[in-house]
Amino acid sequence: MTTTSAPATFPDIDPATGETIADIRSATPEEVTQAVARARAAQPDWAECGFEERAERLRRAGERVLAARNELAELITREMGKPLGDAEREVQGWGSTIPTILDEVRRALVPEELEGKDCWTRVVREPLGLVAAITPWNFPVGMPLEILIPALATGNAVVFKPSEHVPLCGERLAELMNEALPPDVLVQIHGAGDVGAALVAAEVDMVGFVGSRDTGKAIMRSASERLKRLVLELGGKDPLVVFADADLDAAADCAVTHALRNTGQVCCSVERIFVEDSAVERFEELVVEKARDWKHGSGLEQGVRMGPLVSAEQREKVIAQVEEAKRHGARLLLGGETPEGPGWFYPATVLTELDPELAISRQETFGPVITLERFSGDEDEAVRLANDTPYGLGANVFSGDLERGQRVASGIRAGTVGVNRYLNAAPGAPWCGARESGFGYIGGVDGHKQFTLPKSISRPK
Ligand code: ADP
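The rules behind these values
- Residues numbered from 1 in each chain as written.
- Predicted model: local features only at pLDDT ≥ 70, side-chain atom pairs only at ≥ 80, totals over all residues.
- Heavy atoms only, no water.
- Pairing = 2+ DSSP bridges.
- Helix = DSSP H or I, 4+ residues; strand = E, 2+ residues; numbered from the N terminus.
- Axes fitted to C-alpha atoms, helices over the stretch in contact; angles between N-to-C directions.
- Expected span 1.5 Å × (residues − 1).
- Buried < 20%, exposed > 50% of the residue type's maximum accessible area, 1.4 Å probe, protein only.
- Arc of directions from axis to C-beta.
- Contact = heavy atoms within 4.5 Å.
- Core = buried A, V, L, I, M, F, W, Y, C linked by side-chain atoms within 4.5 Å.
- Domains from an automatic or database assignment.
- Near = heavy atom within 4 Å.
- Polar contact = N/O pair within 3.5 Å; in protein donor to acceptor, adjacent residues only side chain to side chain.
- Areas by Shrake-Rupley, 256 points an atom, 1.4 Å probe, with all protein chains shown as cover.
- Nonpolar A, V, L, I, M, F, W, Y, C, P; charged D, E, K, R; others polar.
- Buried area = accessible area lost by both parts, 1.4 Å probe.
- Parallel < 35°, antiparallel > 145°, perpendicular 65-115°, else oblique.
- Left-handed = near helix turned anticlockwise from the far one by under 90°.
- Salt bridge = Lys/Arg side-chain N within 4 Å of Asp/Glu carboxyl O.

Draft legend 1. Region of interest: the sheet that holds strand β4 (residues 119-127). Overall, antiparallel pairing links the 3 strands, which are arranged β3-β4-β20 in an open sheet. On the outer flanks of this sheet lie β3 (112-115) and β20 (452-460), each paired with one strand and no other. Each strand axis lies, on average, 25 degrees off the axis of its neighbour in the sheet, ignoring direction. Where β3 lies against β4, 4 bridges are found, and the strand directions are antiparallel. Looking at β4, one finds that Glu115 is bridged to Trp120.

This is the structure:
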C-alpha cells in the first residue's frame with residue numbers, strides 16, 4: 001500500500017501590512033520526487049541540443065523576464081517589501097546581464113587539447129545532470145538568475161525552489177523562462193526549509209544555494225551522504241575600514257548606502273565600520289546626516305528608500321541585537337525605536353561604542369543598522385579587526401593613500417574587496433565567499449565551470 005502526504009499550505013505575507021497575499025501549496029515529499037524525476041528525464045535532450053540552442057533559448061527567456069519587469073517588480077515589492085524603483089532595477093540589472101553570462105558560459109565550455117608523451121587528451125565539459133536551485137528572498141529575481149542561467153546553459157536540468165517569502169516571484173520567473181525552454185528542463189516547486197531539505201536529499205547531482213550560513217552548513221551535511229556537488233553563497237559581516245586621510249564624504253556615502261540598501265538585507269551589506277580615531281567625530285556627523293535621508297515606509301510610496309524587513313522574525317532579530325547593544329552601553333546616534341502599527345518596519349539606526357563580543361558585532365544583522373567603532377589607524381590593527389569574524393564575503397577600505405588601502409585589502413580574508421569604492425567588481429569577476437561565507441563561487445568563466453564535470457578523453461599519438 002502506498003501512502004501519500006497531505007498537501008500543506010503556507011501564507012505568503014505582505015511585510016508592509018502583515019496581510020496574507022495568498023496561501024501557497026507546499027510540495028509534498030512525493031511531489032519533490034516527481035519534480036526531480038521529470039527534470040531528470042528532460043535533461044539528456046537538453047544537454048544533447050548543444051550550447052548554441054540552449055543559449056538562444058535562454059536569451060529569449062531573459063527577454064521575456066525583461067519585458068515583464070513591471071509585473072515582476074510589483075510582485076517583489078508586495079512579497080518582500082523593497083521600494084518599487086529598486087525592484088525594477090533588480091529585474092533590469094540581472095535580466096540584462098544574461099547575454100554576458102551566456103558568452104562567459106560559451107568560453108567555459110570550450111574543450112581543452114593537451115599533449116602528453118604518448119597521447120592526446122581532450123578535456124570536455126559535461127553537465128553534472130540535475131541541479132537543485134534553492135534561493136533566498138532578498139533579491140527574488142536576481143538571486144535565482146545567478147544560479148539558473150549558468151546551471152541551464154551548461155546543459156543541466158534544474159529543480160528550483162524559491163524562498164517561501166517570495167513564492168509568487170519565483171513561480172512567475174519560472175513561468176516566463178519556461179515560455180522559451182523545452183518542457184521540464186526547469187521545474188519549480190514551492191515550500192519552506194523542509195521542502196528544501198527534501199530536495200537536497202533527493203536524486204540531484206548538485207545544489208546551487210544562496211542563503212544563510214547555517215542553512216548552507218545543513219545542506220553540506222546532507223549533500224555529503226552522496227558527495228553531491230555544491231555551490232553555496234552564504235552571508236557575511238562585511239567590514240568597512242576608514243583611515244583619517246580618506247575622502248570622508250565618499251566613505252560615509254558608501255557606508256550608509258550599503259548598510260541601508262534593501263533595508264540592510266543584503267549578504268554583502270556593510271555591517272561593521274572601523275574609523276581611525278582622529279576622524280571619528282566628523283565621520284559620525286556625516287553618517288548620521290546621510291542616514292536621516294533614508295526614509296522608511298511602504299515600497300509603493302514615493303520617496304521611500306527602505307521598505308519593511310521581510311518578516312516579523314527578521315525584525316525581532318534586529319531589535320534583539322540593537323536592544324542588547326543599548327543595554328551594554330552602546331551610544332545610539334539615530335533610530336533604534338521600533339515603529340508602532342502594522343508592517344515590519346524599522347528605522348535607519350546608527351550605533352557606536354559597541355561591546356565587540358555582542359551579537360551585533362559578531363553575527364549577521366541583516367537590518368538597517370550602522371555600527372561605528374574606532375581604531376588607532378594602525379594597518380595591522382585594521383586587518384585584525386576586519387578579519388575578526390568567521391565570515392569572509394566582502395570588505396571595503398577607504399584611505400587617501402591608495403597603496404596603503406591596497407595593502408590592507410591584501411590582508412583581509414574576503415572574496416571581494418573595494419578600495420576607495422564599494423566592493424562591486426568588474427563584470428566577469430567571480431563572486432566568492434572566503435571562509436564561512438561560501439563554498440565554491442558564482443560568476444565568471446571559472447564560476448560557471450562548477451556546473452560541469454571536466455572529463456578527460458585520451459587517445460594514443
Ligand atoms: P533566510 O534566513 O535568509 O531566509 P535561509 O538560508 O533560511 O535564509 O533560506 C534560504 C533558502 O533556503 C530558502 O529557500 C529556504 O526555504 C531554504 N532552506 C531553509 N532551510 C533549508 C534546509 N535545511 N535545506 C534546504 N533548504 C533550506
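Now that the structure is up, let's keep going.
Draft legend 2. Spotlight on helix α4 (residues 84-95). Look at α4: 16 Å from first C-alpha to last across 12 residues, which is about the 16 Å you get at 1.5 Å a residue. When we look at burial in α4, the residues that qualify are Ala87, Glu90, Val91 and Gly95. End-on, the buried residues of α4 take up no more than an arc of 105 degrees, which puts them together on one face. Looking at the buried side of α4, the elements it contacts are α2 (51-67), α3 (69-80), α5 (98-108) and α6 (142-153).

Draft legend 3. Molecular detail of the nonpolar core. Judged by nonpolar contacts, the single largest core of 89 residues is most densely connected at Met177, Ile273, Phe283 and Ile370. Split by domain, the residues of this core number at least three in each of domain 1 (11-234 + 435-460) and domain 2 (238-427). For Ile273, the residues in contact, after removing those within four places along its chain, are Leu240, Val242, Ala255, Phe283, Ile370, Thr371, Leu372 and Glu373. Of all hydrophobic cores here, the second largest spans 24 residues; its members include Ala35, Ile134, Val159 and Val200.

Draft legend 4. A look at the site of the ligand. Of all residues adjacent to the ligand, which total 16 residues, the nearest are Thr135, Lys161, Glu164, Ser212 and Thr215. The backbone of Thr135 places a nitrogen or oxygen atom 2.8 Å from an oxygen atom of the ligand. Across the complex, the protein chains shield 79% of the 550 Å² of accessible surface that the ligand would expose by itself. Counting only elements with at least two residues in the shell around the ligand, the list comes to α8 (193-201) and α9 (213-224). In terms of residue count, the dominant contributor to the shell around the ligand is α8 (3 residues). For the shell around the ligand, the per-class residue count stands at 7 nonpolar, 7 polar and 2 charged.

Draft legend 5. Up close: the domain arrangement of the chain. Splitting the chain by domain gives domain 1 (11-234 + 435-460) and domain 2 (238-427). Between domain 1 and domain 2, the C-alpha centre-to-centre distance is 30 Å. On the domain 2 side, the residues contacting the 20 residues of domain 1 number 28 residues. Summed over both sides, the interface between domain 1 and domain 2 buries roughly 2200 Å², with carbon and sulfur atoms accounting for 58% of that surface.

Draft legend 6. Main features of the sheet that holds strand β10 (residues 238-242). Strand order across the open sheet formed by 7 strands is β12-β13-β14-β11-β10-β15-β16, with mixed pairing between neighbours. Looking along the sheet, the strands with just one partner apiece sit at the ends: β12 (331-334) and β16 (416-419). Within this sheet the neighbouring strands show an average axis-to-axis angle of 20 degrees, counted without direction. In the sheet, β12 pairs with strand β13 (residues 349-352) via 3 bridges, with the strands oriented antiparallel.

Draft legend 7. Main features of the environment of Gly377. Note on placement: Gly377 falls in the loop between β14 (369-375) and α14 (379-386). On the basis of relative accessibility, which here comes to 15%, the residue Gly377 falls in the buried class. Distance in space between the C-alpha atoms of Gly377 and Ala16 is 42 Å, their sequence separation being 361 residues. Apart from the residues lying within four places of it in its own chain, the contact partners of Gly377 are Phe243, Glu276 and Arg404.

Draft legend 8. Spatial organisation of unusual backbone geometry. One non-glycine residue, Asn420, lies in positive phi territory at about 60 degrees. Mapped onto the elements of the fold, Asn420 is located in the loop between β16 and β17 (431-432). Judged by relative accessible area, Asn420 falls into the partly exposed class, the value being 33%. One non-glycine residue, Arg435, adopts positive backbone phi at about 45 degrees. Mapped onto the elements of the fold, Arg435 is located in the loop between β17 and β18 (438-439).

Draft legend 9. Looking closely at the side chain of Ser26. Tracing the backbone shows Ser26 in the loop between β2 (20-25) and α1 (29-48). Looking at Ser26, the relative accessible area reads 9%, which means it is buried. Once residues lying within four places of it in the same chain are set aside, the contact partners of Ser26 are Ala8, Thr9, Phe10, Glu31, His190, Gly191 and Val195.

Draft legend 10. Inspection of the packing of α14 against helix α15 (residues 402-411) at higher detail. In contact at an axis separation of 9 Å, α14 and α15 are set at 40 degrees when each is read in the N-to-C sense. Judged by the angle between their axes, α14 and α15 are oblique. Remark: the crossing between α14 and α15 carries right-handed chirality. Residues Glu379, Ala382 and Val383 of α14 touch α15, and the partners they reach there are Arg404, Arg407, Val408 and Gly411. Along the lines of polarity and charge, the residues of the contact of α14 with α15 split into 3 nonpolar, 1 polar and 3 charged.

Draft legend 11. Layout of the pattern of salt bridges. For the structure shown, the criterion picks out 35 salt bridges. A salt bridge links Glu179 to Arg64, with the shortest nitrogen-to-oxygen separation between them at 2.9 Å. Taken together, the residues Glu179 in the loop between α7 (167-178) and β7 (186-188) and Arg64 in helix α2 connect sequence positions 115 residues apart. Close ionic contact of Lys82 with Glu90 constitutes a salt bridge, the shortest N to O distance being 2.6 Å. Under the relative-accessibility criterion, Glu90 is labelled buried at 4%.

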